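One-letter residues, chain by chain:
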Amino acid sequence: MRQLTVLITGASAGIGEAFAKIFAEHNFDLVLVARRLDRLEEVAGEIQGQYHVEATCLPADLSEVDAVDKLMSVLKAKNLVIDALVNNAGYALNGSFLEPSWEDHRKMHQVMLNGYTELCYRLLPSMVERRYGRIINVSSLSAMLPSVPSSMYTGIKRYVVDMSAAIDFEMRGQGIHCLALCPGFTYTEFHDVMGVREQAQSNFPKFMWQSSETVAREGYDAVMAGKVLKVNGWYNRLLSMVLNHLPYSLQHRLARSQDPFSD
Ligand SMILES: NC(=O)c1ccc[n+]([C@@H]2O[C@H](COP(=O)([O-])OP(=O)(O)OC[C@H]3O[C@@H](n4cnc5c(N)ncnc54)[C@H](OP(=O)(O)O)[C@@H]3O)[C@@H](O)[C@H]2O)c1
């Protein structure tokens, strides 16, 4: 019987790398996507030394408009059939709305909004045909909280939650589950890329942080159990529940008084 295959974006580091190990542990072959081929090959090498799975590394810059198109051609040329998808590649821009160039905004939208959506759209038909599919779209705790200043990131991650719910709703009964995973603070390269590592670690207590392994394992278990939303960490679940019960104007006022990454 053919072994199931998962495609993971952003597999060269952090949560994506952790997902690669967990899917391999469950006997999935891997298609690993990110820009840094050397890092993907390191991850693939480590996994193949430990598990009997195939790992294919596909370097791609998902901020390019035709990146998914090119990926689909490579999958076809290599005869790779995808049974599970982890849309995970992502980052946040630091600064106010008008600070980054429009090109930087456009790239962020392309990676986490258009890119996630297009990968679902392109990979779902063959999942429907085989009546099996598992999709994890990595959102963020911030999608479940009042929007903090400048965070277009939050808006994108909210879309990811809604898109995942819509797909899951439509695909129910066809063997497909689609989960939005909402991690809180997670030890990865995310805050280094954003340039706020020190502020993040000094402004938020240790109990709010999780390892990428824990986040990915909870995500894997949740999608396999057919859940549509998973907020990682009891503290984060409590926080989002409490804040979402406040009137919107109060949420907005609270959020305005916060700058999560101030010195
Ligand atoms: N860490 C947190 O606290 C946290 C909290 C909530 C949500 N998240 C979400 O979790 C997801 C994973 O982030 P992480 O924390 O694991 O961060 P990370 O360690 O920085 O990993 C980000 C991954 O995304 C890839 N990536 C970034 N831009 C890309 C592009 N243009 N094309 C292809 N791949 C790209 C990176 O690979 P290359 O650089 O090699 O391309 C890397 O593999 C993100 O969607 C993030 O928004 C993280």
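A brief report on the enclosed structure follows. (Residues numbered from 1 in each chain as written. Predicted model: local features only at pLDDT ≥ 70, side-chain atom pairs only at ≥ 80, totals over all residues. Heavy atoms only, no water.)

## Quick word on the overall build of the protein
Under the convention used in this document: For helices the rule is a DSSP run of H or I covering at least 4 residues; for strands it is a run of E covering at least 2, with both sets numbered from the N terminus onward. Radius of gyration: C-alpha atoms only; globule rule: 2.2 Å multiplied by the number of residues to the exponent 0.38. Three exposure classes are used, based on accessible area relative to the maximum for each residue type with a 1.4 Å probe and protein chains only: buried under 20%, partly exposed in between, and exposed over 50%. Any two residues whose heavy atoms approach within 4.5 Å are treated as being in contact.
Each helix and strand in the protein was counted, giving 10 helices and 9 strands. Relative to the globule expectation of 18 Å for 263 residues, the C-alpha radius of gyration of the protein, 18 Å, shows essentially globular dimensions. Projecting the C-alpha coordinates of the protein onto the three principal axes gives extents of approximately 55 × 40 × 35 Å. Evaluated residue by residue, the protein yields a buried proportion of 51% over its 263 residues. Excluding contacts between residues fewer than 6 apart, the proportion of contacts in the protein whose partners are at least 24 apart in sequence is 71%.

## What to know about the pairing of strand 6 (residues 176-182)
This is how it is decided: Here the rule is simple: two strands pair whenever DSSP picks up at least two bridges between them.
Burial analysis of strand 6 places 7 of its 7 residues in the buried class, which makes it a mostly covered element. Judged by which residues are buried, strand 6 turns out to be covered on both faces: Ile176, Cys178, Ala180 and Cys182 on one side and His177, Leu179 and Leu181 on the other are all buried. As defined by bridge partners, strand 5 (residues 133-138) adjoins strand 6 across 6 bridges and the pair is classed as parallel. Counted as the bridge partner of Val138 is Leu181 from strand 6. Across 3 bridges, strand 6 lies against strand 9 (residues 229-231) in parallel orientation. Following the sheet pairing, Leu181 is matched in strand 9 by Lys230.

## Some thoughts on helix 8 (residues 212-224)
Stated formally: Given the number of residues in a helix, its expected span is that number minus one, multiplied by 1.5 Å. Throughout, the arc means that of the directions going from the helix axis to the C-beta atoms.
Given a rise of 1.5 Å per residue, 13 residues ought to cover 18 Å, and the 18 Å separating the end C-alpha atoms of helix 8 matches this to within 8%. Along helix 8, the positions that sit buried rather than exposed are Ser212, Val215, Ala216, Gly219, Tyr220, Ala222 and Val223. Looking straight down helix 8, one finds its buried side chains confined to an arc of 165 degrees; they lie on one side. Check the buried side of helix 8 and you find it contacts helix 1 (14-25), strand 5, strand 6, strand 7 (186-187), strand 8 (210-211) and strand 9.

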